[in-house]
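In case you want the letters, here they are:
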Amino acid sequence: MAISGPSEKNAKQPGAAYEFISNTEDKRRHTFAVIVDNEPGVLARVIGLFSGRGYNIESLTVSTVTEDESTSRINIVTIGTAMVIEQIKAQLERLVPVHNVHDLTIEGPHVEKELALVKVKATDHQRRESLRIADIYKARVADTTLESFVFLIDGEAEKVDSFIEMMRALGEVEVARSGVVAISRGSTITPV
Amino acid sequence: MSTDAISGAEIVIKALADQGVDVVFGYPGGAVLPIYDALFKQNHIRHILVRHEQGAVHAAEGYARSTGKPGVVLVTSGPGATNAVTGLTDALLDSIPLVCLTGQVPTHLIGNDAFQECDTTGITRPCTKHNYLVKRVDDLEKTMHEAFYVATSGRPGPVVIDIPKDVQFASHDYQGKTNGHHKTYRPQVKADHARIEEAVELLMNAKKPVIYAGGGVINSGPAASQLLTDFVRMTNFPVTLTLMGLGAFPAQDPQFLGMLGMHGTYEANWAMHDCDVMLCLGARFDDRITGRVDAFAPNSKKIHIDIDPSSINKNVRVDLPIVADAAHAMEDLIKVWKSKHKKPSEAALAAWWKQIEEWRSKDCLAYDPEGETIKPQHAIKRLYELTKDRDPLITTEVGQHQMWAAQYFQFEKPNRWMTSGGLGTMGYGMPAAIGAQLAHPEKLVIDIAGEASILMNIQEMSTAVQYRLPVKVFVLNNQYMGMVRQWQELLHGSRYSESYSEALPDFLKLAEAYGWKGVRVTDPADLDAGIQEMIDHDGPVFCEIAVDQSENCYPMIPSGAAHNEMLLGPVQEGEEAIDEKGKVLV
């Protein structure tokens, strides 16, 4: 198991009870892929770890990924200082049903995608405009009525954000987002 | 199903026997009746009936800590499980291997708010190393063996197995003990060799080294303590121990600096602060140890050997992390050390020892034994002097008496000292003493207690009587929750809000009511005789020592201060020991 020393020279002490310096160290967004046994309670363990230790969850997705459904992959996006991110990884690895933890942000180039269903309630000009914008964003129509569309959009989180923002300007909006799924680039297959 | 099928409850008992379990601490109830019935029909496993489930878990902890074997607990659903939660959390924070079996309502009632139902796995998830709900009898045997593997391997901890009543009744055949390994859980025990080489290199070049060892050494087994002792003597390095590590190195040895941390010795804390290379072995840079982290050992290179990767770089950034079991790591470290022709600079080490002796000459644990009242420190010191030849096992409750016990009782060997370090659980000591006494019937087992803590699990006096366990309870009665009072004195202008022990029972009558012998000492002149009377009696003794009410625990690193800012005694009038920022800390 790789435990790094203080690789960054300016790494500060972590936020323990006796630290008085306000933590000004840069917080970064990291995407983790966590391979776990697909058993009852495993998601609660992971979520409980984050809430119990005060870590952030920006987004979380989970699904079984093996043919026999024995293993699940949890994608977690979190934000923290270098020390907190290292600690999150170590704490996740300590959970008994966790096989391995990949910090995709550190491990190298990876693909991150998200999917959203966006319902827009609009008529007349706004309705036509929503369709035109959807076309620009390469969103597809998943459902329609005379006064609404449901668009299906996928891509990077920023693209989805921006699309939703546009739609909000055109009418009443309801959003269902999947959260981030991520995988490393290249031909290497992550073992489960 | 084969003809050899037995009930789930019998599978539980067979698996326990196959795991070498001889004692189970528990309390029956509706949802575990089939297991109690299976217990009744066999003679391999002894069941110890406690008087409260929290007592069962602490007793199992005392058993585990004094033997190195996992402790086993058996409780019912609902309140049985929730009462066990404090003990489980205690075991988690102090890394004590436990397997706790809880009954559960039958599977078809789970989620219906059935009588004595609670979400046991949900409640215990954050306070166990791992837990299981066994919904099918087919999984029961495997789960039992796996639980023992998980509880005892890597960094030990408590594991809960929640067993619905219908699963206890269902039948299945029993395969016999498999190795019980988990599919994927394989803690690393052997250190990376290159890191060991690097550690030796750092230690060889140290001018002011210090070894800081903790409970991980005890958990690793007696061999780890022996290897640590060998290494310390081989190198002539100074060594300090955490509260949980006491006994890992002989306290009488001149190379021992005493305990470190908030109530550690002056020499240990200054050595930590001024060292240039620190070897941390099986300890976790807890906030009681480090004090203010940004001023913790500021000029040192830190080597951290720990079996739990998440303990590394958690509170303090270290320069050389080594993931390994303490004994394995020390073995490798010694091998590499011996292979080198180079030795550390003797002149530098001599200068370092000279400095340490200067700190030691402060005699920070000195107190005035004279006076009309018994000094609590003196009571512990006399207890030590009068019992040391019998190699006693000591447990404690939590508070001032615990710190005095750690400071004034000397431990030469591991597994003699059981205390609630991480969680700080009042009420730990007596049940832990019961567990330790069961494992060591011939030993002298003493719970050093305070009058407030002891009342938190006082009902266990009855358990000691039932099983003829000659445990001794040595209560320092200052009529205060002493540590609370001490902090109120330091932080809250001596406003002793609710910290006075009002309406205490007459402990002599209490002892008598439970069938214990009672001893009370109020005069300093009678102290030795009182202690002698306690240890000479072949049965449980409640020995109450009326001690100086105003005595505080020193030395002390005030909250928010660094190691080199420790207080040796009471602050003078007008001085502030703790600044505003320190006051919010615990």
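Conventions we followed
- Residues numbered from 1 in each chain as written.
- Chains lettered and ligands numbered in written order.
- Predicted model: local features only at pLDDT ≥ 70, side-chain atom pairs only at ≥ 80, totals over all residues.
- Heavy atoms only, no water.
- Salt bridge = Lys/Arg side-chain N within 4 Å of Asp/Glu carboxyl O.
- Helix = DSSP H or I, 4+ residues; strand = E, 2+ residues; numbered from the N terminus.
- Buried < 20%, exposed > 50% of the residue type's maximum accessible area, 1.4 Å probe, protein only.
- UniProt positions renumbered as here; feature names shortened; annotations may be inferred.
- Pairing = 2+ DSSP bridges.
- Axes fitted to C-alpha atoms, helices over the stretch in contact; angles between N-to-C directions.
- Contact = heavy atoms within 4.5 Å.
- Polar contact = N/O pair within 3.5 Å; in protein donor to acceptor, adjacent residues only side chain to side chain.
- pLDDT = per-residue confidence, 0-100.
- Parallel < 35°, antiparallel > 145°, perpendicular 65-115°, else oblique.
- Left-handed = near helix turned anticlockwise from the far one by under 90°.
- Core = buried A, V, L, I, M, F, W, Y, C linked by side-chain atoms within 4.5 Å.
- Domains from an automatic or database assignment.
- Buried area = accessible area lost by both parts, 1.4 Å probe.
- Nonpolar A, V, L, I, M, F, W, Y, C, P; charged D, E, K, R; others polar.

Residues and elements named next belong to chain B. All told, the structure shown has 31 salt bridges over all chains when counted by the stated rule. The partner of K340 in a salt bridge is E197, and the shortest N-O contact between them spans 2.9 Å. Placement of K340 in the loop between α13 (326–339) and α14 (346–360) and of E197 in helix α8 (residues 193–204) is noted, with a sequence separation of 143 residues between them. The class for K340 is partly exposed, based on a relative accessible area of 26%. Residue E197 is classed as partly exposed on the basis of its relative accessible area, which comes to 29%. Here D548 and K375 are joined by a salt bridge, their closest N and O atoms 2.9 Å apart.

Under the UniProt annotation, the feature "domain: Thiamine pyrophosphate enzyme N-terminal TPP-binding" (unreviewed entry) is placed at residues 7–121 of chain B. Between the C-alpha atoms that bound residues 7–121 of chain B the distance is 23 Å, and the span itself is 44% helix and 18% strand.

The subject of this paragraph is the sheet that holds strand β9 (residues 209–213) of chain B. All names here are of chain B. One open sheet accounts for six strands, arranged β11-β10-β9-β12-β13-β14; its pairing is parallel. Bordering the open sheet on either side are β11 (256–259) and β14 (320–323), each of which pairs with just one other strand. In this sheet, adjacent strand axes meet at a mean angle of 15° when their direction is disregarded. Against the sheet, helix α11 (residues 266–274) makes contact with β9, β10 (239–241), β11 and β12 (277–281), and its axis sits at roughly 105° relative to β11, the strand it touches most.

Attention now moves to the side chain of N415 of chain B. Residues and elements named next belong to chain B. By the element assignment, N415 lies in the loop between α16 (400–408) and β16 (417–418). The buried category is assigned to N415, whose relative accessible area is 13%. Of the polar contacts made by the side chain of N415, one reaches the backbone oxygen of R65; its length is 2.8 Å. Residues in contact with N415, not counting those within four places in the same chain, are R65, S66, G68, I218, P222 and L393.

Let us now look at the confidence of the model for chain A. Put simply, chain A has an average pLDDT of 89, and 88% of its residues get 70 or more. Throughout residues 4–11 of chain A the model reports pLDDT below 50, and contacts reaching past four residues in sequence, or to other chains, amount to 12 contacts.

Before going further, it helps to spend a moment on the packing of helix α3 (residues 53–67) of chain B against helix α17 (residues 429–439) of chain B. In helix packing, the relevant descriptors are the interaxial angle and the interaxial distance, both defined with respect to the helix axes. Residues and elements named next belong to chain B. Their axes nearest at 6 Å, the elements α3 and α17 cross at an angle of 45°. By the angle class used here, α3 and α17 are oblique. α17 is crossed by α3, and the crossing has right-handed handedness. Two secondary-structure elements touch here, α3 through G55, H58, A59, G62, Y63, S66 and T67 and α17 through P431, A432, G435, A436 and A439.

This next bit is on the environment of E385 of chain B. All names here are of chain B. For E385, the location among the structural elements is in helix α15 (residues 376–387). Looking at E385, the relative accessible area reads 31%, which means it is partly exposed. Between the alpha carbons of E385 and D528 there is a distance of 9.6 Å; along the sequence they are 143 residues apart.

Mapped onto this numbering, the UniProt entry annotates "domain: Thiamine pyrophosphate enzyme central" (unreviewed entry) at residues 196–333 of chain B. The annotated region residues 196–333 of chain B carries 36% helix and 20% strand content, and the separation between its end C-alpha atoms amounts to 6 Å.

The next point concerns the nonpolar core. Residues and elements named next belong to chain B. One finds L228, F474 and I545 to be the most contacted residues of the largest nonpolar core, which totals 114 residues. Residue contributions to this core peak at eight residues, all from α13. Structurally, this core is a two-domain feature, drawing no fewer than three residues from each of domain 2 (193–360) and domain 3 (376–546). With sequence-adjacent residues up to four places away left out, L228 is seen in contact with I211, A213, V217, L241, A248, F249, L281 and M330. Grouped together as the second largest cluster of nonpolar side chains are 46 residues, I48, V50, F507 and L510 included.

It is common to give the size of an interface as the accessible area lost on bringing the parts into contact. Residue and element names in this part refer to chain A. We note that the domain assignment places domain 1 (28–108) and domain 2 (111–181) within chain A. Using C-alpha coordinates to define each centre, domain 1 is positioned 29 Å away from domain 2. Taken together, the seven residues of domain 1 in the interface contact five residues of domain 2. For the domain 1 and domain 2 pair, buried surface summed over both sides reaches about 450 Å², with 49% attributable to carbon and sulfur atoms. Interface area lost by domain 1 to domain 2 is led by R29, T61 and N75, which between them contribute 60%. Inspection of the region where domain 1 meets domain 2 yields one salt bridge. Note that R29 and E112 form a salt bridge whose closest N and O atoms lie 3.4 Å from each other. Mapped onto the side of domain 1 that touches domain 2, the elements with two or more residues apiece are β1 (28–37), β2 (59–64) and β3 (71–80). If one sorts the elements of the side of domain 1 that touches domain 2 by residue count, β2 sits on top with three residues. Of the residues assigned to the side of domain 1 that touches domain 2, the class counts are two nonpolar, four polar and one charged.

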